[in-house]
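Geometric and topological summary
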Amino acid sequence: MLFLPIMTSNTSTIIAVSSAPGQSHRGLIRLSGPQSWEMVRTLGVTLDHPRQLTRAHVDFDGRKLPCLVLGFHGPASYTAQDIVELQLPGNPSLLDQVVHRLIQQGARMAEPGEFTFTAYLAGKLDLTQAEGIAATIHATSQAQLQAAKLLRQGNLGSFSHQLVDALATALALVEAGIDFTDQEDVVAITPAQLVERLSDIHKQLTDLMANARSWGALEAMPRVVLVGPPSAGKSTLFNALLGKQRAVTHEQAGTTRDILAEPLLLSRADGSQVEVMLMDIAGLDDAANTLDKDIQKAARQSIEQADVIVHLGQCEPAADTIRVRPKMDMPNMHEASEDDILPISAKTGMGLPKLKRTILARLGDRGVSIAAEKLALQPRHESALKQATDAIADALKYVQPQVQQHALDDLELIAGMLRFALDQLASLGGEMTPDDIIGRVFATFCVGK
Amino acid sequence: MVIGGGHAGSEAAWACANLGVRVAMITMEVDKIGAMSCNPAIGGLAKGQIVREIDALGGLMGIAADNTGIQFRILNASKGPAVRGPRCQSDKYAYAREVQRLLKTRSNIQLIQGVVDDILVEDGKTHGVIYSNPAQGINNQTLNTAAVILTTGTFMRGLMHTGEAKTQGGRVDEGSAEGISSNLTKLGLELGRLKTGTPPRLAAESINFDTLKEQPGDEQPQPFSDMTDITSFPPQKQVCCWITETCADSHEHIKANLDRAPLFNGQIEKGSVGPRYCPSIEDKVMRFSDRQSHHVFLEPESLETNEIYCNGISTSLPRDVQDVIVHNLPGCENAKILKYGYAVEYDMVWPHQIDATCMTKSIHGLFLAGQINGTSGYEEAAGQGLIAGLNAVRYMQGKDEIRFGRDQCYLGVMMDDLITKTPREPYRMFTSRAEFRLQLRSDNAADRLTPIGRDLGLVDDARWEHFEHRQQTVDAIKQTLTRTAYQGMRLIDWCKRPEVNRQWLTDRATGPEGEIFSRYPMLLDHVLAEVMYDGYLDRQTRDIERLRQQEKVQLPEHFDYNAVVGLRNESKAVLDKFRPRTMGQASRLAGITPADLMVLSVALGRR
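Residues numbered from 1 in each chain as written. Chains lettered and ligands numbered in written order. Predicted model: local features only at pLDDT ≥ 70, side-chain atom pairs only at ≥ 80, totals over all residues.

1. Considerations on the overall build of chain A
Scanning chain A from N- to C-terminus turns up 13 helices and 14 strands. Within chain A, the fraction of its 449 residues that count as buried is 41%. When contacts within chain A are restricted to residue pairs at least 6 apart in sequence, long-range pairs at least 24 apart make up 65% of them. (Helix = DSSP H or I, 4+ residues; strand = E, 2+ residues; numbered from the N terminus. Buried ≥ 20, exposed ≤ 12 C-beta atoms within 10 Å, placed from the backbone. Contact = placed C-beta atoms within 7 Å.)

Here it is as structure tokens:
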């Protein structure tokens, strides 16, 4: 089931990492909603007075992490609700863990643009700002949809699809025992069979989470940023380096201008591999409006945080910059005069291996070797996986005492837990509606008199 | 004005009459009002809950079923109270007569025999219908009304198939309504085509029941209606059903004659979709070719006649193939077929074109209920009839529309599913469609709906008085459970244990205080259900609160989704097609994301 998040804003507390993604000095976690003060206190943080930036500590696995905390009481706050901002060391995986602790306390991941939207609904923003909000929500959600699509297409996708499928089948078998008992000779699934199926799904889910790493950690990888004027061929180069079509053309110019980021594996001469985050900053130099200012700011931040810049235009030589001359396949292009400008063609592949070697050289020891390929999870996906796993564990606790029985008891309660788990997995493996479940029953059993 | 006298039309007219307005029902044959075209049964899993809900809102289906039921049984009796479904086998002639009798008790209902060919619409508003009855010399007569409830069942361009034989009509020996389809299309409504089937009926005296397994009703039958007097229930003689089964020989014969089955050989219009949950025997044989036999339930259709319904072999196969299938059934070797099975295909209106009130979004005052909205089943039809009747009266009186929530009743789940999903087959209710299934039980239908029905004017004084007495009794039962202890523990705490049921409690409360348990067994079951699900209901409270908040936000009727900045193109297309009336409806459309809803809220806030 889908809920319009904002309609719940009076009752739920939303949370998000609000600082720029990636490795930085400070990370900012923001909560908004009636329980935000209370939830932060469960971390051991002392929070007494509003509007006072206070030094405090977060209790974390027995360690005490220094932090700065700032609280506001609604309605005198950005969202007109109680707000807490936690500033922590800027380690992405640490920030993710803190966010998870707070989600366990009942906080909910904010939807794209939800803080701003809450502020808008509370009358904190004027009408001219509203259009910008709509565009921001659109852009952020497009980026998230892209990310979710990537997950579905990639390793996690096929994996989660199998999981959703297995879970849907288990649920269909339980539902068959409820809704289709006309054929009384059929016991759709015995408790022992259900335990077997659910244990298998539970194991897969826990394995998946153990092998996954957070999106934040992924974004903390060394950053290689493609820079250059519009139409320099950044996106083409981006796709060529990744060896796949990742950068998308925008349907409506001027709406989607998020920063594209994708992990890229580079191989050293000794065979070891290094993973970097390749970033394409679209629309950096495009005409400005209020929205674009924000995006340009984000783009400039990305450049500032870049470990290596691949520059596709005219620029001054610098230690962290690799200058390339793209589109060497075009007939009017000829060899560059300056020695340190690398001629490349994304179309023919010319110069790309050398570019990769140059990136590795510039990174030096900042490149992190990786042992095994891990899946990258966005915080919302991680949170969904966790909740699904817990729900299946609950269902297992319920079914396990029944394994000696022929038929299941309390089917409707077990079905409720499995339905919840399935809804959680919807963002990873596609939605499964009650009608889809019923369809599975029809396909398996001859039901109906 | 109600067009059609089936289960939707009857319930619609009844609701209108109870709300105090004058209502005319135009139907092709007045003495077929309330007819059971297919299975002579009311209720079942999820459907039984719907009947209880209709009853809680002052409807007639529960009363008619109680007065004419010849076998009462709670399905899933061994399972949790949320998934138990009351069902009865009805005397189909008595049932139709009872519906007609009840309608005639309302002086503000006028029955008119005739066929409606056109609905008059001006400036997007309904103002009357044109009907004919050649037998009475009436041709193209105009009747004025501000609200029309159209319940066409299987009669709109109804076409029946038995093998190669095709007959126009919605039911055996009855006609079809040919003109209305094209007029609905002219009004801008998009039509679809569905199909369904019915099995052969056998003569009871030609069946050898001695060899067959009996299927009796419950020892203590429970009525559907709260208004039924339990002391004289059931009023009809109770009978049992029998179980037999198909065999491999029949399956082979069906396969060999498949090219003569209209469901398979293309004789039935391509695109007509039949229900997967109620497959024809040819469908079963093809889809589950490894099964050697399928159950067939032999169900008496009436105490007055010898007709036996063969539940499980609905078919469109030619008569000679039906003969073989029937005679291969154990016990039916010499059975005489009174009526052969047939498939029927009919027109319907794609339900995204109505609101949860049953009113079409494009034509004010035109309400659709029952199979015309793509549903199947008497109960589903009756539920829509009630909702359409209620909202038609409110529309005429200028009052706000009533949409039941998914958290309130199965009726709400059904309406919401119809208008937010694209149906793949005739829609039938299942408990798994209701995310708040634990709340939507037959034992608490009155708690959920009777107070609402009272506010709306559907519940009369007698039912209200009964309801208040019921609430007092429930309180008294709870008090008794709290005050009475067994082995040092209060009975109310014992209720949380799985082994504790009605009998257990009755056995342990032997004093005068326990008398209430044996006197009100159904209400004791109700209290037990409340205790059992208590912890699980808490978890859903927040979801329900969110759902209600979203339903409060209404979306404007004429809204240009294409002009909304920041909405994805695919979302624009979905919203434009379905034109949801509340933010909640929008949220349940396939492909709509939370971000879309936020963008939409921004756009609405700016207006």
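2. Points about the nonpolar core
Soluble globular proteins: nonpolar side chains tend toward being buried together. Membership of the largest hydrophobic core comes to 185 residues, with the highest contact counts inside it found for Leu167 and Leu418 of chain A together with Ile149 and Phe367 of chain B. In terms of residues, this core owes the most to one element, helix H5 (residues 155-179) of chain A, which gives 11 residues. One finds Trp37, Phe72, Leu88 and Val99 of chain A within the second-largest nonpolar core, a separate group that totals 27 residues. (Core = buried A, V, L, I, M, F, W, Y, C linked by C-beta atoms within 7 Å.)

3. Overview of the sheet that holds strand E4 (residues 69-75) of chain B
Residues and elements named next belong to chain B. What the three strands build is an open sheet, ordered E3-E5-E4; its pairing is antiparallel. Edge positions in the open sheet fall to strand E3 (41-43) and E4, since each of these has one partner strand only. Across the sheet, the mean angle from the axis of one strand to that of its neighbour is 20 degrees, orientation sign disregarded. Packed on one face of the sheet, helix H2 (residues 47-56) meets E3 and strand E5 (85-90) and runs near 85 degrees to E5. (Pairing = 2+ DSSP bridges. Axes fitted to C-alpha atoms, helices over the stretch in contact; angles between N-to-C directions.)

4. With respect to helix H4 (residues 92-104) of chain B
The terminal C-alpha atoms of H4 of chain B, which comprises 13 residues, lie 18 Å apart, in line with the 18 Å expected from a rise of 1.5 Å per residue. Against the buried residues of H4 of chain B lie helix H1 (7-18), helix H3 (61-68), E5 and strand E6 (109-113) of chain B. (Expected span 1.5 Å × (residues − 1).)

5. Remarks on the domain arrangement of chain B
Split into domains, chain B comes out as domain 1 (201-342), domain 2 (460-540) and domain 3 (553-606). Computed from C-alpha coordinates alone, the two centres of domain 1 of chain B and domain 3 of chain B are separated by 47 Å. (Domains from an automatic or database assignment.)

6. Side note on the packing of H2 of chain B against helix H10 (residues 378-396) of chain B
Residues and elements named next belong to chain B. Two elements in contact, H2 and H10, have axes whose closest approach is 9 Å; the angle formed by their N-to-C orientations is 30 degrees. On the basis of their axis angle, the class for H2 and H10 is roughly parallel. Between H2 and H10 lies a crossing whose hand is left-handed. Between H2 and H10, the contacting residues are Lys47, Ile50, Val51 and Ile54 on the first element and Glu379, Glu380, Ala382, Gly383 and Leu386 on the second. When the residues that make up the contact of H2 with H10 are grouped by side-chain class, the tally is five nonpolar, one polar and three charged. (Parallel < 35°, antiparallel > 145°, perpendicular 65-115°, else oblique. Left-handed = near helix turned anticlockwise from the far one by under 90°. Nonpolar A, V, L, I, M, F, W, Y, C, P; charged D, E, K, R; others polar.)

7. Observations regarding the environment of Pro81 of chain B
Residues and elements named next belong to chain B. Within the secondary structure, Pro81 sits in the loop between E4 and E5. Using a count of 20 C-beta atoms within 10 Å as the deciding quantity, one classes Pro81 as buried. Here the alpha-carbon distance between Pro81 and Asp455, two residues 374 residues apart in the chain, equals 28 Å. With residues near it in sequence (within four places) discarded, Pro81 still touches Arg441, Asp443, Asp525, Ala529 and Met532.

8. Observations regarding the environment of Arg497 of chain B
Residue and element names in this part refer to chain B. Following the sequence through the fold, Arg497 ends up in the loop between helix H14 (491-494) and helix H15 (502-508). For Arg497, a count of 12 C-beta atoms within 10 Å gives the class exposed. Along the chain, Arg497 and Val531 lie 34 residues apart, while their C-alpha atoms are 9.8 Å from each other.

9. Things to note about unusual backbone geometry
Between Gly74 of chain A and Pro75 of chain A the backbone carries a cis peptide bond, its omega angle lying at 0 degrees. A cis geometry characterises the amide bond from Phe233 of chain B onward to Pro234 of chain B, with omega recorded as -5 degrees. Note that Pro234 of chain B resides in the loop between strand E15 (213-215) and strand E16 (241-245). A positive phi angle, close to 60 degrees, is found at Arg51 of chain A, a residue other than glycine. Looking at the secondary structure, you find Arg51 of chain A in the loop between helix H1 (36-41) and strand E3 (54-60). Of note in the backbone geometry, Cys358 of chain B takes a positive phi value of approximately 80 degrees without being a glycine.

10. Examining the sheet that holds strand E10 (residues 148-150) of chain B
Hydrogen bonding along the main chain pairs the strands of a sheet, whether they run parallel or antiparallel. Residues and elements named next belong to chain B. With parallel pairing, the five strands of this open sheet are ordered in space as E6-E2-E1-E10-E21. Pairing within the sheet leaves two strands with one partner each, and these edge strands are E6 and strand E21 (366-368). Two strands pair when backbone bridges link them, and strand E1 (residues 2-3) and E10 are joined in this way by two bridges, in the parallel orientation. Looking across to E10, one finds that Val2 is bridged to Ile149.

11. Re the environment of Thr151 of chain B
Residues and elements named next belong to chain B. Along the chain, Thr151 falls in the loop between E10 and strand E11 (159-162). Along the chain, Thr151 and Gly9 lie 142 residues apart, while their C-alpha atoms are 5.8 Å from each other. Beyond its immediate chain neighbours, meaning those up to four positions away, Thr151 contacts Val2, Ile3, Gly4, Gly6, Ala8, Gly9, Ala12, Ala369, Gly370, Ile372 and Gly385.

12. Remarks on the confidence of the model for chain A
Residue and element names in this part refer to chain A. This prediction gives chain A a mean pLDDT of 75; 69% of its residues lie at or above 70. Scored below 50 in pLDDT, residues 286-291 shows eight contacts in the model against residues more than four places distant or in partner chains. Between residues 368-375, whose pLDDT stays under 50, and residues either more than four places distant or in other chains, the model counts 15 contacts. (pLDDT = per-residue confidence, 0-100.)

13. A word on the pairing of E5 of chain B
Residue and element names in this part refer to chain B. Judged by how many residues are buried, E5 sits mostly within the fold: six of six residues are covered. Residues of E5 alternate between two faces, with Gly85, Arg87 and Gln89 on one and Pro86, Cys88 and Ser90 on the opposite face, all of them buried. The pairing of E3 with E5 spans three bridges and is classified as antiparallel. For Gly43, the partnering residue across the bridge sits in E5 and is Arg87. Bridge count between E4 and E5: six bridges; the pairing is antiparallel. Bridge pairing in E5 places Gly69 opposite Ser90.

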